[in-house]
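For reference, the chains in residue letters:
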Amino acid sequence: MQVPNTARLMNISRRFLCLIVLLPALSCSDPEANNIITIKGSTTVLPVAQIGAEVFMDRHPGADISVQGGGSGVGIASLIDGTTQIATSSRKIKKEETAKAKAAGVHPFETIVAMDGIAVAVNPSNSMDRLTTPQIRDIYTGKVSNWKEIGGDDREIVVISRDTSSGTFEAFEKLALDGQKVRPDALVTASNQVVNMTVAQTPGAIGYLGYGYLSDRVRAASVDGVRCSEETIRSGRYPLARPLYIYTNGRPTGEVERFIDFLLSEEGQRLVKEQGFISARERSL
Amino acid sequence: MTRQTLRENGPFAAGRKKALRGSDVSQALGFLLLGACIVFALFFLGTILYFILVRGAPAISWEFLTSVPRRAMTQGGVAPAIVGTFYLTVGAISFSLPLGLACAIYLCEYSPKTVLVNIIRLSINNLAGIPSIVFGLFGFAVFVKVFGFGVSILSGSLTLGIMALPGIISASQEAILAVPQSYKEASLALGATHWQTIARVVLPSAFPGILTGVILNIGRVAGETAPILFTAVTFYTRGYPDSVFSEVMALPYHIYALMTEGTRPEIQTQIAYGCSLILLSLVLAISAVAIILRQRQRRIYGS
Amino acid sequence: MRHFKETLYKWIFTILAFASLLFLVGIILTLFRESYPLLVRHDFFDIVFGRFWYPTYDPPEFGMFPLIAASFVVTFGAMAVCVPIGVGTALFLHELASAPQRAVMKPVIEILAGIPSIVYGFFGMIIVAPFIQNLLGIPTGLNAFTASLVLGIMATPTVASLAEDAVSFVPSSFREASLALGANQWQTLTRVVVPAAGSGISTAIILGIGRAVGETMTVLMVAGGAAAIPGSVFDPVRPMTATIAAEMGEAVMGSAHFHALFAIGLILFLITLVVNIFAEIISRRFRLKLGLGR
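When you go through chain A residue by residue, the secondary structure sums to 10 helices and 11 strands. Put simply, chain A has 285 residues, and 56% of those count as buried. By sequence separation, contacts in chain A at least 24 residues apart represent 73% of the contacts at least 6 residues apart. For chain A, the exposed surface amounts to about 11700 Å²; the carbon and sulfur share of it is 51%.

Residue and element names in this part refer to chain A. For Asp178, which is not glycine, the phi torsion reads 60 degrees and is therefore positive. For Asp178, the location among the structural elements is in the loop between helix H6 (167-175) and strand E7 (187-189). Within the chain, Asp224 stands out as a residue other than glycine whose phi angle is a positive 55 degrees. Residue position: Asp224 is located in the loop between strand E9 (219-223) and helix H8 (230-235). With a relative accessible area of 39%, Asp224 lands in the partly exposed category.

Before going further, it helps to examine the interface of chain B and chain C. With 81 residues of chain B in contact, the opposing surface of chain C contributes 74 residues. Where chain B abuts chain C, roughly 7100 Å² becomes buried across the two surfaces, and 80% of that area is made up of carbon and sulfur atoms. It is Leu34, Phe44 and Leu137 of chain B that lose the most area in chain B upon contact with chain C, and together they represent 9% of the buried surface on that side. Counting every contact that joins chain B to chain C gives 6 residue pairs in polar contact (both at pLDDT 80 or more). Among the elements that line the side of chain B that touches chain C, the one with the most residues is helix H3 (residues 22-56) of chain B, at 20 residues. Its residues assigned to classes, the side of chain B that touches chain C shows 55 nonpolar, 19 polar and 7 charged.

A word on the packing of aromatic side chains. For the structure shown, the criterion picks out 31 aromatic pairs over all chains. Taken together, a centroid distance of 6.5 Å and an interplanar angle of 15 degrees make the contact between Phe72 of chain C and Phe76 of chain C stacked. Of this pair, Phe72 of chain C and Phe76 of chain C both sit in helix H3 (residues 65-96), separated by 4 residues, roughly a single helical turn. For Phe72 of chain C, a relative accessible area of 59% gives the class exposed. The class of Phe76 of chain C is exposed, set by a relative accessible area of 59%. Ring pairing ties together the aromatic residues Phe40, Phe44, Tyr50 and Phe51 of chain B together with Phe123 of chain C, which thus form one cluster.

Take helix H6 (residues 115-129) of chain B next. When the terminal C-alpha atoms of H6 of chain B are compared, their 21 Å separation across 15 residues agrees well with the 21 Å that a helix rising 1.5 Å per residue should span. Along H6 of chain B, the positions that sit buried rather than exposed are Val117, Ile120, Ser123, Ile124, Asn126 and Leu127 of chain B.

Residues and elements named next belong to chain A. Across 3 bridges, the pairing between strand E4 (residues 108-122) and E9 is antiparallel. When the sheet's bridge partners are listed, Val120 is paired in E9 with Ala221. For strand E5 (residues 130-131) and E9, the ladder comprises 2 bridges, and the chain directions are parallel. Bridging across to E9, Leu131 finds its partner in Val223.

Let's shift gears to the nonpolar core. Counting residues in hydrophobic clusters, the biggest one holds 219 residues, and the most contacted among them are Ile65 of chain A together with Trp53 of chain C. With 15 residues, the top contributor of residues to this core is helix H5 (residues 79-110) of chain B. Setting aside chain neighbours within four positions, we find Ile65 of chain A in contact with Ile37, Ile39, Ala53, Phe56, Met57 and Phe259 of chain A together with Tyr236, Thr237 and Arg238 of chain B. The next biggest cluster of nonpolar side chains, apart from the first, holds 36 residues, and it includes Val122, Met128, Leu131 and Ala176 of chain A.

On to the environment of Lys95 of chain A. Within the fold, Lys95 of chain A resides in helix H4 (residues 95-103). Through-space distance from the C-alpha of Lys95 of chain A to that of Gly167 of chain A is 14 Å; in sequence the pair is 72 residues apart.

Residue and element names in this part refer to chain A. In this model, chain A carries a mean pLDDT of 82, and residues with pLDDT of at least 70 account for 86%. Confidence scores differ between elements of chain A, with helix H1 (residues 3-26) showing the lowest mean pLDDT of 53 and strand E3 (residues 86-89) the highest of 92. Ignoring residues within four places in sequence, the model shows residues 24-33, a span with pLDDT below 50, making 8 contacts including any to other chains.

Predicted confidence across chain C gives a mean pLDDT of 85, with 97% of residues reaching 70 or more. We note a pTM of 0.85 for the whole complex and an ipTM of 0.88 for its interfaces.

For the rest of this paragraph, the subject is empty space enclosed by the protein. Any empty space left between the atoms is revealed when a probe the size of a water molecule rolls over them. Enumeration according to the criterion identifies 9 cavities of 30 Å³ or more in this entry. Of the pockets and cavities examined, the largest cavity occupies roughly 720 Å³. Of all the secondary-structure elements, those providing two or more residues to the lining of the largest cavity are strand E2 (64-70), helix H3 (72-81) and E7 of chain A, helix H7 (132-146) and helix H12 (251-261) of chain B together with helix H10 (217-222) and helix H11 (240-247) of chain C. When the residues that make up the lining of the largest cavity are grouped by side-chain class, the tally is 25 nonpolar, 11 polar and 6 charged.

The next subject is the packing of H5 of chain B against H12 of chain B. All names here are of chain B. One way to put it is that H5 packs onto H12 with a least axis distance of 8 Å and a crossing angle of 135 degrees. Accordingly, the angle class assigned to the pair H5 and H12 is oblique. Counting all contacts with H5, which are made through Ala81, Ile82 and Thr85, the residues of H12 involved are Leu251, Pro252 and His254. Considering only residue class, the contact of H5 with H12 consists of 4 nonpolar, 2 polar and no charged.

Here a disulfide denotes one covalent bond, and it connects the sulfur atoms of two cysteines. Applying the stated criterion across every chain, the model contains 0 disulfides over all chains. Just so you know, Cys108 of chain B is unpaired, no disulfide at all, and the nearest cysteine sulfur is the one on Cys103 of chain B, 9.2 Å from it.

Right, let's get into the side chain of Thr159 of chain B. Mapped onto the fold, Thr159 of chain B is located in helix H8 (residues 153-177). The residues contacting Thr159 of chain B, other than those within four sequence positions of it, are Phe135, Gly136, Gly139, Phe143, Pro227 and Thr231 of chain B.

The rules we used
- Residues numbered from 1 in each chain as written.
- Chains lettered and ligands numbered in written order.
- Predicted model: local features only at pLDDT ≥ 70, side-chain atom pairs only at ≥ 80, totals over all residues.
- Heavy atoms only, no water.
- Helix = DSSP H or I, 4+ residues; strand = E, 2+ residues; numbered from the N terminus.
- Buried < 20%, exposed > 50% of the residue type's maximum accessible area, 1.4 Å probe, protein only.
- Contact = heavy atoms within 4.5 Å.
- Areas by Shrake-Rupley, 256 points an atom, 1.4 Å probe, with all protein chains shown as cover.
- Buried area = accessible area lost by both parts, 1.4 Å probe.
- Polar contact = N/O pair within 3.5 Å; in protein donor to acceptor, adjacent residues only side chain to side chain.
- Nonpolar A, V, L, I, M, F, W, Y, C, P; charged D, E, K, R; others polar.
- Phe/Tyr/Trp six-rings, centres within 6.5 Å; stacked < 30°, edge-to-face > 60°.
- Expected span 1.5 Å × (residues − 1).
- Pairing = 2+ DSSP bridges.
- Core = buried A, V, L, I, M, F, W, Y, C linked by side-chain atoms within 4.5 Å.
- pLDDT = per-residue confidence, 0-100.
- 1 Å grid on protein atoms, 1.4 Å probe; cavity = no way out; pocket = protein on both sides within 12 Å on 5 of 7 lines; lining within 4 Å.
- Points joined across faces, edges and corners; volume = space filled by probe spheres on them.
- Axes fitted to C-alpha atoms, helices over the stretch in contact; angles between N-to-C directions.
- Parallel < 35°, antiparallel > 145°, perpendicular 65-115°, else oblique.
- Disulfide = S-S within 2.5 Å.

This is the structure:
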């Protein structure tokens, strides 16, 4: 009978199994280690949150921060559900969200961490790099479907939008579309980065993304004659400028407060600028 | 009469003497088509493996495999994701193996032929067909929320474990049924009780088969993303999980997150390729081990 | 004492065996419980046949038809890819391949089956989609066509191995009789073996459908994400699974959006349930027909 061989195999496997199952249990022993700060929310704010978390953790070795994206909607929903302490958002919290929060016993406290502009980008091969707000609105709501209708080449417009959890989407909707609905056949992407990549790869595309995500693979169109730049965002001339927010449950305390203070400090704001945003201190909106 | 003789002299021979028949042409075309199908499948597989290998290999280094991500995911490595995948997989198997094995033992050894048992079989089959995202929904609603485990290794492992359950049950069933009836009869004849027979004769003999099944399911579980999306994972955390209640990074989710939320695509696509290579190698190595084990087993037991 | 232990063990195993039933019931209950509130507030037909999915607008619209249509289109397309290739591969492997060829190709198919869906999705998004976009000169490669293609390849090993099992159950006497009557190999394959294995192959196809409908990560990354009924196969779409994965994070627990996503999950579950039942019925008929019993 084969029992001797299998018995040996079983013994080895049993020992191996015991070892690996015990590993996580062994690492359970550090009582202080459960102080994780979670940050969830806007993909626009994500680079700032991430680099901020890294530098902060380098400075404060005891700190432990977990960063996620998902969209502004995800961040605020998680704050309400209690699954995150810091929610980042590229739009202001909505009235319904505040109501839901209050109903759940959460009191959203707002901090502005940076200023950002929503750039409207087209593919580099597209000659149309001067757009007006009405044109943008017509394109996004489906009234205009071909570039030639507004004076460009004869090419189908590929409309790139963001998914519904995006704060950039909400801000764009409010600022450029006046609350009208985006056409249903617009390509829905998950983050600023995907917008950047898709517009770069698609000749007829138009998309909106955070100023910090603009790359030289796409061409930024001027909106109502104003180019999107740090200066125009700071001065408020650029029509699609908006603040970037952090929401916490009540006024931040403890480690969370220390982290937010860090972000708002000179060094933190330098990180903000490095990521392509405008410092919160310099805004005049 | 051989087939040859029949063809040359049999009832249809006359019609067959013509030079090129329609049926020959259609046969040739048919075989060509079949060959093309398999060539296409092999080509696609080859393309995937080629790209992942060629573009992922440059990203792999000792540092990549062992250090944490730095500088907004553009430097350092993906070690926390590897560790996270490991913990999730181990957790899933430690949950589903005892349960699955117990179920298989019941179905093979104890179950009467009643309607209830058929219902159990049906549920196992149906559980196997449920989309992975539905498991994620269930895990989120129940483990994360109702049980209050939060987004954690625990929730993720339990969700993955339920997903792996049908696979483990059927692999264990197969292994147990393959144990020759004579072994059991001999044991019972020698005076052992039913349980003693199961524990000391059936299970040890079925062990290699069960092990193979477990290994195959480990491979499947390690690569799953949807069940852990809302139950276990996070995009970035500096270190390694402290307890079963922490969030983790995981390889499959990391690839997704890098591609959709990453902030520096040029570098991060590279990293995503590297992660894909690691994940693919892991899963394929695990499957290879299982297949080899199964071949050896078949040789020994001659099934 | 011994007897007591025996009975104890028996009962422990009986109880544990019900675990899988417990989980299935748990999943069903959870899905129903979390989707029910939606039905209270919105009309059933508006939801299932409504054409606009705008869950975060005020007031929200939960028309799921574009999502269901997208799943349908992508699954159908995937079947168009994986059925010919899968069944063709199975036939080739079983009938025409020599032993060494088979020894190499069977493991290859199993390897294909083992590739995680995220890798398919990643590959689809980064290589296949741009390729198709450039090849066909269409606005974007992230659409139903590309998703069907990648999904089809993903489902092929499932269909291939099940079809091969089905074909291997056809008794060789069928084959030999056909050849003895003068048919060539191809005619035997198409007119005798495949029809005989018909139910088994149908089971394989149906289970392949189940796999394609339930796939999440691949379609999430490749299908484009537009919640609109596709006008052509080259339009971006958003199948049900991708919708849940993409929007779950932002739905506050207990909100209408949350319930709507669970409702989608419920519909998905019911579809796979129906698929499984069909597969079960057909495979049972198949086994009886070939005299394999049970």
